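Read off the chains here:
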Amino acid sequence: MKKIIIAIDGHAGCGKSTTAKLLAKKLNYIFIDSGAMYRAITLYLLQQNIDTEDTKEVINTLADVDISFSFDSETGNNDILLNKKSVSHEIRSMSVNQNVSAVSSIKEVRHFLVAKQKDIGAKKGIVMDGRDIGTVVFPDAELKIFMTASIEARAERRLAEIKNQDIEVNKEEVIKNLRERDHKDSTRRESPLRKAEDAIIFDTSSLTIDEQVDKAYLLALNVIDSLG
Ligand code: DC
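Keep in mind it's a predicted model, so treat the numbers as computed, not measured.

A.B. asks: Where do I start with the overall build of the protein in this structure?
C.D. replies: What the protein contains, in helices and strands, is nine helices and eight strands. Relative to a compact globule of 228 residues, whose C-alpha radius of gyration would be 17 Å, the protein shows 17 Å and is just as compact. With respect to the three principal axes, the spread of C-alpha positions in the protein is 50 × 35 × 35 Å. Taking all 228 residues of the protein together, 50% fall into the buried category. Long-range pairs, those at least 24 residues apart, make up 74% of the contacts in the protein with a sequence separation of at least 6. Surface accessibility of the protein: about 11100 Å² in total, with carbon and sulfur atoms responsible for 49%.

Below, the structure written as structure tokens:
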């Protein structure tokens, strides 16, 4: 069966990564959370006490950053490695949330990661989620999904994700951060978040994760079938 590229974009907290991961597992594809890559660079900058708004310093630091994934096809888990060390938990901290938009708006950071993302997808058989996957990274992806959901639904999901990691935050803070990130992600000059013209919209406000995955899976099977 022909392998395809599935691009999933959308707002923060819509369940993109969870859907992408489970969909990849069902299809026996590789799953890549591109947001984790922007988060890993942000984490490194914070660890080195580099001001994330200092574009020049950030660009100079890229040479010291090695990002890779260790993929376990049994579980579908994909650990992100920063300079060969797993940082899958650390990249979800509130300080990374607050700095990642600034870092991801820098052109050179985007070029650095987009090149890596294109490499990873060269062999197809991949589900990648992010903000610019259907528009910039894989404009020829065979299936593009654009996810959105109400701010309330998204905040509840982020809270559940953060609570699992014993991090103290309240709902207002999460909503504020989501709104700020939506605004920054959609208005930045470099590859702003926008729906690709040929993307299918999923409003996930009242969908369970299983429903999201099933919907995406059926779409994927249809596309794969149509390619013969
Ligand atoms: O998907 P996420 O919330 O983990 O992404 C973290 C940040 O990274 C998000 O605020 C915007 C940025 N990002 C991006 O600019 N382009 C991508 N392809 C993925 C994420």
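Okay, back to it.
A.B. asks: What exactly am I supposed to notice about a negative patch on the surface here?
C.D. replies: Side chains of Asp51, Glu53, Asp54 and Glu57 sit close together on the surface and give a patch of like negative charge. If you trace the backbone, Asp51 turns up in the loop between α2 (34-47) and α3 (55-61). Owing to a relative accessible area of 46%, Asp51 belongs among the partly exposed residues under this scheme.

A.B. asks: How should I be thinking about the sheet that holds strand β4 (residues 78-82) in this particular structure?
C.D. replies: Paired through backbone hydrogen bonds, the strands of a sheet run either parallel or antiparallel to each other. Strand order in the open sheet made by the three strands is β3-β4-β5, with antiparallel pairing throughout. Of all the strands in the sheet, just β3 (67-71) and β5 (85-86) have a single pairing partner and so form its edges.

A.B. asks: Hey, could you run me through the layout of surface pockets in this one?
C.D. replies: In this approach the atoms are scanned with a rolling probe the size of a water molecule, which exposes any empty space left behind. A volume near 930 Å³ is recorded for the largest pocket. Surrounding the largest pocket, 40 residues form its lining, Ser17, Asp33, Arg92, Arg158 and Glu161 being those nearest its centre. When residues of the lining of the largest pocket are traced back to their parent elements, those giving at least two are α1 (16-27), β2 (30-33), α2, β4, α4 (94-104), β6 (126-130), α7 (151-163) and α8 (171-187). For the lining of the largest pocket, the leading source of residues is α2, giving five residues.

A.B. asks: Would you mind showing me how to read the site of the ligand here?
C.D. replies: Neighbouring residues of the ligand: 17 residues in total, closest Arg39, Arg110, Arg131, Asp132 and Arg188. Separating an oxygen atom of the ligand from a side-chain N or O atom of Arg131 is a distance of 2.9 Å. The separation between an oxygen atom of the ligand and a polar side-chain atom of Arg188 is 2.8 Å. For the ligand, the accessible surface in isolation is 450 Å², of which the surrounding protein chains cover 99%. In a pocket analysis with a 2 Å cut-off to the grid points, the ligand is assigned to the largest pocket. When contributions to the shell around the ligand are tallied by element, the ones reaching two or more residues are α2, α4 and α8. At four residues, the largest contribution of residues to the shell around the ligand is made by α2. Taken together, the residues that form the shell around the ligand break down as three nonpolar, five polar and nine charged.

Rules behind the numbers
- Residues numbered from 1 in each chain as written.
- Predicted model: local features only at pLDDT ≥ 70, side-chain atom pairs only at ≥ 80, totals over all residues.
- Heavy atoms only, no water.
- Helix = DSSP H or I, 4+ residues; strand = E, 2+ residues; numbered from the N terminus.
- Rg over C-alpha atoms; globule rule 2.2 N^0.38 Å.
- Buried < 20%, exposed > 50% of the residue type's maximum accessible area, 1.4 Å probe, protein only.
- Contact = heavy atoms within 4.5 Å.
- Areas by Shrake-Rupley, 256 points an atom, 1.4 Å probe, with all protein chains shown as cover.
- Patch = residues over 30% accessible without salt bridge, like charges linked within 9 Å, V, L, I, M, F, W, Y side chains within 5 Å.
- Salt bridge = Lys/Arg side-chain N within 4 Å of Asp/Glu carboxyl O.
- Lys, Arg positive; Asp, Glu negative; His and termini not counted.
- Charge placed at Lys NZ, Arg CZ, Asp CG, Glu CD.
- Pairing = 2+ DSSP bridges.
- 1 Å grid on protein atoms, 1.4 Å probe; cavity = no way out; pocket = protein on both sides within 12 Å on 5 of 7 lines; lining within 4 Å.
- Points joined across faces, edges and corners; volume = space filled by probe spheres on them.
- Near = heavy atom within 4 Å.
- Polar contact = N/O pair within 3.5 Å; in protein donor to acceptor, adjacent residues only side chain to side chain.
- Sits in = over half its atoms within 2 Å of the grid points.
- Nonpolar A, V, L, I, M, F, W, Y, C, P; charged D, E, K, R; others polar.

Everything listed here is a matter of geometry and, on its own, says nothing about what the molecule does.
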